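Residue strings, one per chain:
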Amino acid sequence: MTTALTSPDAQVEVGRAPALELRGVHREHGRGANRVQALRGVDLTVCAGELVAVMGPSGSGKSTLLALAGGLDTPTSGEVLIAGATLSGQSPKALAALRRRSLGYVFQNLNLIPALTAVENVMLPRELDGISARAARREAQAALGEVGVADLADRFPDDMSGGQQQRVAIARALVGPRGLVLADEPTGALDSNTGEAVLRVLRARCDAGSAGLLVTHEARHAAWADRVIFLRDGLVVDSTGTPATPESLLGAPVPVPADGSRGGTAANPASDGPNAARDGAGGADGSDGFDEFDEFHESGESGESGGFDGGRR
Ligand SMILES: Nc1ncnc2c1ncn2[C@@H]1O[C@H](COP(=O)(O)OP(=O)(O)OP(=O)(O)O)[C@@H](O)[C@H]1O
């Protein structure tokens, strides 16, 4: 697969410079009895060339983390830096320019523009970057090819299936030299083969020098990442480049912030101890939130997937 996404034109200089930094990030929503501490002091650095997966039970703060990383939301306290530039205090215009220049974002809702064809949707960020329409079209066409929908370039979103629209949205996030790609469940509407193909594209993009942050519920998707961080109740409870096990995580105490707060609400209760996830405090969806770890554990024992770093290349 050789297209604009991995061509020298589209490459970001490979190195280990931090593309994204979160420093002591807290995010509270609501007030009084409705106050929710979605994130409670998260530190995270994602370097150029690195793909980091974020996992955790429903309500643990994954989407909040991604929105803050993309400058779509503002921390209650703490700092977010993209390519070394702090987002706090930037004017909306400067923030928009930084986002446009540096970021590709695959949203859970795809946000394709219905009045534009697939190729026009993908061209848009590059035209906003200021490159010629002809060059933008060439890159967009290549990006669509990379995710397997080159033949749909002239279709409008309403004339495509959900999975096809999702691939167009991914092409739009990856087109051009984005230093940081943020993806929130990017494979949700795709069959498993297409989902894997999309992750391969994301992986290739990171190998070419971009940084990636991928929210996923699926262990086999996280297996494409260099590193996985696991959130629970707004805290990073584990960060690993090797397969985690339920035992290793449940045996580790959940860090408590300096103010001693535990976060959560009645709807999203805070866990009360290392076994709380098994006791049912983990997910609003009724799951214990540790299915992912069971999968890791099984795949590590069977050796079939090769764990986090063995299953992808
Ligand atoms: N705008 C908001 N107003 C109030 N509470 C919010 C808001 N956004 C998120 N929350 C709360 O913050 C917590 C974290 O939510 P978030 O969506 O980040 O979790 P998540 O891990 O992405 O969940 P899911 O896997 O279900 O998408 C939840 O308790 C959620 O209800």
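Quick caveat: nothing in here was measured; it's all calculated off a predicted structure.

Enquirer: In this structure, what is going on with the sheet that holds strand β3 (residues 51–55)? I would like to understand it.
Expert: Two orientations exist for strands paired in a sheet by backbone hydrogen bonds: parallel and antiparallel. Overall, mixed pairing links the six strands, which are arranged β6-β7-β8-β3-β9-β10 in an open sheet. Strands at the two margins of the open sheet, each flanked by one partner only, are β6 (103–106) and β10 (235–240). Ignoring which end each strand starts from, the neighbouring axes of this sheet average 15° apart. The pairing of strand β9 (residues 227–232) with β10 spans five bridges and is classified as antiparallel. Its bridge partner lying in β10, V228 is registered against T240. Against the sheet, helix α1 (residues 62–69) contacts β3, β6, β7 (180–184), β8 (211–215) and β9, and its axis sits at roughly 155° relative to β7. Sheet strands in contact with helix α5 (residues 162–174) are β6 and β7, and its direction is about 165° off that of β6.

Enquirer: Would you mind going over the environment of A118 with me for this structure?
Expert: Tracing the backbone through its elements, the reader meets A118 in helix α3 (residues 118–129). Residues A118 and Q165, 47 residues apart in the sequence, show an inter-C-alpha distance of 8.1 Å. Contacts of A118, omitting those with residues within four sequence positions, involve L144, L152, A153, R155, M160 and V168.

Enquirer: In this structure, what is going on with the site of the ligand? I would like to understand it.
Expert: Taken together, 13 residues form the shell around the ligand, and within it S58, G59, K62, S63 and T64 come nearest. At a separation of 3.0 Å, an oxygen atom of the ligand approaches a polar backbone atom of G61. Contact with the protein chains removes 63% of the 630 Å² of surface that the ligand exposes when unbound. Among the elements that take part in the shell around the ligand, α1 stands out by supplying three residues, more than any other. Looking at the shell around the ligand residue by residue, the class counts come to three nonpolar, nine polar and one charged.

Enquirer: How should I be thinking about the nonpolar core in this particular structure?
Expert: For soluble globular proteins, nonpolar side chains are generally found buried alongside one another. With 40 residues, the main nonpolar core has L51, V122, L144, V168, I170 and L202 as its most contacted residues. The set of elements that each furnish at least two residues to this core consists of β3, α3, α4 (133–146), α5, β7, α6 (192–207) and β9. Per element, the largest residue contribution to this core is six residues, and it comes from α5. Here L144 is in contact with A118, V119, V122, V149, A150, A153, V168 and A171, once residues within four sequence places are set aside. V52, V54, L103 and L231 belong to the second largest nonpolar core, which has 29 residues in total.

Enquirer: Before we go on, may I ask you to explain unusual backbone geometry in this structure?
Expert: Excluding glycine, residues mostly carry a negative phi; peptide bonds, for their part, are mostly trans. The backbone of E185 shows a phi angle near 50°, a positive value even though the residue is not glycine. Position of E185 relative to the elements: it lies in the loop between β7 and α6. With relative accessibility at 16%, the residue E185 sits in the buried group. Positive phi is not limited to glycine here, since D233 has a value of about 50°. Residue position: D233 is located in the loop between β9 and β10.

Enquirer: What should I look at first to understand the pairing of β9 in this one?
Expert: In summary, the side chains of a regular strand alternate between the two faces of the sheet. Across the six residues that make up β9, a large majority, five, are buried. Pairing of β3 with β9 involves four bridges; the strand directions are parallel. The residue of β9 that forms the bridge with A53 is V228. In sequence, β9 turns back onto β10 through a hairpin of two residues, with D233 there showing a positive phi of about 50°.

Enquirer: Help me out: how do you make sense of the pairing of β6 in this one?
Expert: Of the two faces of β6, the one holding L103 and Y105 and the one holding G104 and V106 are both buried throughout. Examined bridge by bridge, β6 and β7 share four bridges and lie parallel to one another. Opposite V106, over in β7, you have A183 as the bridge partner.

Enquirer: How should I be thinking about the sheet that holds strand β1 (residues 18–29) in this particular structure?
Expert: With respect to topology, four strands assemble into an open sheet ordered β2-β1-β4-β5, the strand pairing being antiparallel. Looking at which strands have only one partner, the edges of the open sheet turn out to be β2 (36–47) and β5 (85–86). Note that strand β4 (residues 77–82) and β5 share two bridges and pair antiparallel. Directly across from I82, in β5, lies its bridge partner A85.

Procedures and definitions
Residues numbered from 1 in each chain as written. Predicted model: local features only at pLDDT ≥ 70, side-chain atom pairs only at ≥ 80, totals over all residues. Heavy atoms only, no water. Pairing = 2+ DSSP bridges. Helix = DSSP H or I, 4+ residues; strand = E, 2+ residues; numbered from the N terminus. Axes fitted to C-alpha atoms, helices over the stretch in contact; angles between N-to-C directions. Contact = heavy atoms within 4.5 Å. Near = heavy atom within 4 Å. Polar contact = N/O pair within 3.5 Å; in protein donor to acceptor, adjacent residues only side chain to side chain. Areas by Shrake-Rupley, 256 points an atom, 1.4 Å probe, with all protein chains shown as cover. Nonpolar A, V, L, I, M, F, W, Y, C, P; charged D, E, K, R; others polar. Core = buried A, V, L, I, M, F, W, Y, C linked by side-chain atoms within 4.5 Å. Buried < 20%, exposed > 50% of the residue type's maximum accessible area, 1.4 Å probe, protein only.

In short, the description is geometric, and any link to function would need to be established separately.
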